[in-house]
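# Structural characterization, general
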Amino acid sequence: MELSVLNIKGEDTGRKVTLSDAVFGATPNEHAMYLDVKQYLANQRQGTHKSKERNEVAGSTKKIKKQKGTGGARAGSLKAPLFVGGGRVFGPKPRNYSFKLNKKLKEVARVSALSLLAKDNKVSLLESFTFEAPKTKEFKNILSNLKVEGKTLLVLPAVDKNVVLSGRNLNKVKISTASDLNTYDLLNTDRVLLVEDSVNVIENLLSA
């Protein structure tokens, strides 16, 4: 698969880059992508939820009414779960939601996501660029020149502070380095803009 390299004005530079079939032309593995996205979202959870059980609720332990003769059900404590303000039965407790996935499976998932995007013609190549200072307006102009709409993922070969600061305030723009790409970001976008030098980084990471 060959892609034309565009400049920041949206014009064709005349150069073309051949994408590796091993990374951008593989058969997608849906279950691998599902597991990788599931792990990513699980890792975002803080797991700090907690409710009090009856032994943790503050209150008297005095029997609230006599055992027999009231006509109602017997009751021993106001902290019982059936009373308002009582403890909760089997409530949430702090826990760690993260789980392990094999490194190779995660690589298969990323290759699958990249191949899906390439198949749907959602990948564009952009020549290397930078800003002298952070300018969101200039970043928006680039997106406008490229006629990009919807969620956009810009992939840089390495961290460029001025580019990151220019785009981080835009609602539908995500900026990532090639080495930090994850399946969730790839599937949660309408267009991927690969800076030219990032292609080699991605292929070296995933072609093995």
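Residues numbered from 1 in each chain as written. Predicted model: local features only at pLDDT ≥ 70, side-chain atom pairs only at ≥ 80, totals over all residues. Heavy atoms only, no water.

Under an unreviewed UniProt entry, the name given to the protein is Large ribosomal subunit protein uL4, and the organism recorded is Pontibacter indicus. Taken from UniProt, the Subunit (unreviewed entry) comment for the protein reads in full: "Part of the 50S ribosomal subunit." (UniProt positions renumbered as here; feature names shortened; annotations may be inferred.)

The next thing to look at is the pairing of strand 5 (residues 173-177). Within strand 5, four of the five residues are buried, which leaves it mostly tucked inside the rest of the structure. The handedness of the strand 4 (residues 152-156) to strand 5 crossover, carried by helix 5 (residues 161-167), is right-handed. (Buried < 20%, exposed > 50% of the residue type's maximum accessible area, 1.4 Å probe, protein only. Helix = DSSP H or I, 4+ residues; strand = E, 2+ residues; numbered from the N terminus. Right-handed = clockwise from strand over helix to strand, strands pointing away.)

Once that is clear, we can look at the pattern of salt bridges. In total, this model carries five salt bridges according to the counting rule given. Residues Glu53 and Lys93 are paired through a salt bridge, measuring 3.6 Å at the closest nitrogen-oxygen approach. Of this pair, Glu53 sits in the loop between helix 2 (30-44) and helix 3 (103-119) while Lys93 sits in the loop between helix 2 and helix 3; the two residues are 40 residues apart in sequence, bridging distant segments of the chain. (Salt bridge = Lys/Arg side-chain N within 4 Å of Asp/Glu carboxyl O.)

On to the packing of aromatic side chains. Using the criterion set out here, one finds two aromatic pairs in the structure. Measuring from centroid to centroid gives 4.9 Å for Tyr40 and Tyr184, while their planes differ by 15 degrees, and the two rings are stacked. One end of the pair, Tyr40, is in helix 2; the other, Tyr184, is in helix 6 (residues 183-187), with 144 residues separating them in the sequence. With a relative accessible area of 24%, Tyr40 lands in the partly exposed category. For the pair Phe129 and Phe131, a centre-to-centre distance of 5.7 Å together with 65 degrees between the ring planes defines the contact as edge-to-face. Residue Phe129 is classed as buried on the basis of its relative accessible area, which comes to 15%. Over the ring of Tyr97 we find Arg45, and its NZ or CZ is 3.7 Å from the ring centre. (Phe/Tyr/Trp six-rings, centres within 6.5 Å; stacked < 30°, edge-to-face > 60°. Lys NZ or Arg CZ within 6 Å of the ring centre and 35° of its normal.)

Attention now goes to unusual backbone geometry. One non-glycine residue, Phe90, lies in positive phi territory at about 50 degrees. Along the chain, Phe90 turns up in the loop between helix 2 and helix 3. By relative accessible area, which is 78% here, Phe90 ends up exposed. Although it is not a glycine, Lys147 sits at a positive phi angle of roughly 55 degrees. Mapping Lys147 onto the fold places it in the loop between helix 4 (136-145) and strand 4.

You can read the domains of the protein as domain 1 (2-45 + 100-207) and domain 2 (48-96). The C-alpha centroid of domain 2 is placed 53 Å from the C-alpha centroid of domain 1. (Domains from an automatic or database assignment.)

Taking strand neighbours across the sheet as the criterion, the six strands line up as 2-1-3-6-4-5 in an open arrangement whose pairing is mixed. In the strand order of this sheet, the two ends are held by strand 2 (12-18) and strand 5, each with one partner. On average, each strand axis in the sheet is tilted by 30 degrees relative to the strand beside it, whichever way the strands run. Taken together, the four bridges between strand 1 (residues 2-6) and strand 2 define a ladder with antiparallel strand orientation. Counterpart to Leu3 in the pairing with strand 2 is Val17. (Pairing = 2+ DSSP bridges. Axes fitted to C-alpha atoms, helices over the stretch in contact; angles between N-to-C directions.)

Tracing the backbone through its elements, the reader meets Ser112 in helix 3. Of note is the side chain of Ser112, whose polar atom sits 2.8 Å from the backbone oxygen of Val108. Discounting residues that sit within four places of it in the chain, Ser112 has contacts with Thr27, Pro28, Asn29 and Met33. (Polar contact = N/O pair within 3.5 Å; in protein donor to acceptor, adjacent residues only side chain to side chain. Contact = heavy atoms within 4.5 Å.)

Moving on, we come to the pairing of strand 4. Among the five residues in strand 4, five count as buried, and that is most of the element. Here strand 4 shows two buried faces, one formed by Thr152, Leu154 and Leu156 and the other by Leu153 and Val155. Sheet topology note: the strand 4/strand 5 ladder contains five bridges and is parallel. Following the sheet pairing, Leu156 is matched in strand 5 by Thr177.

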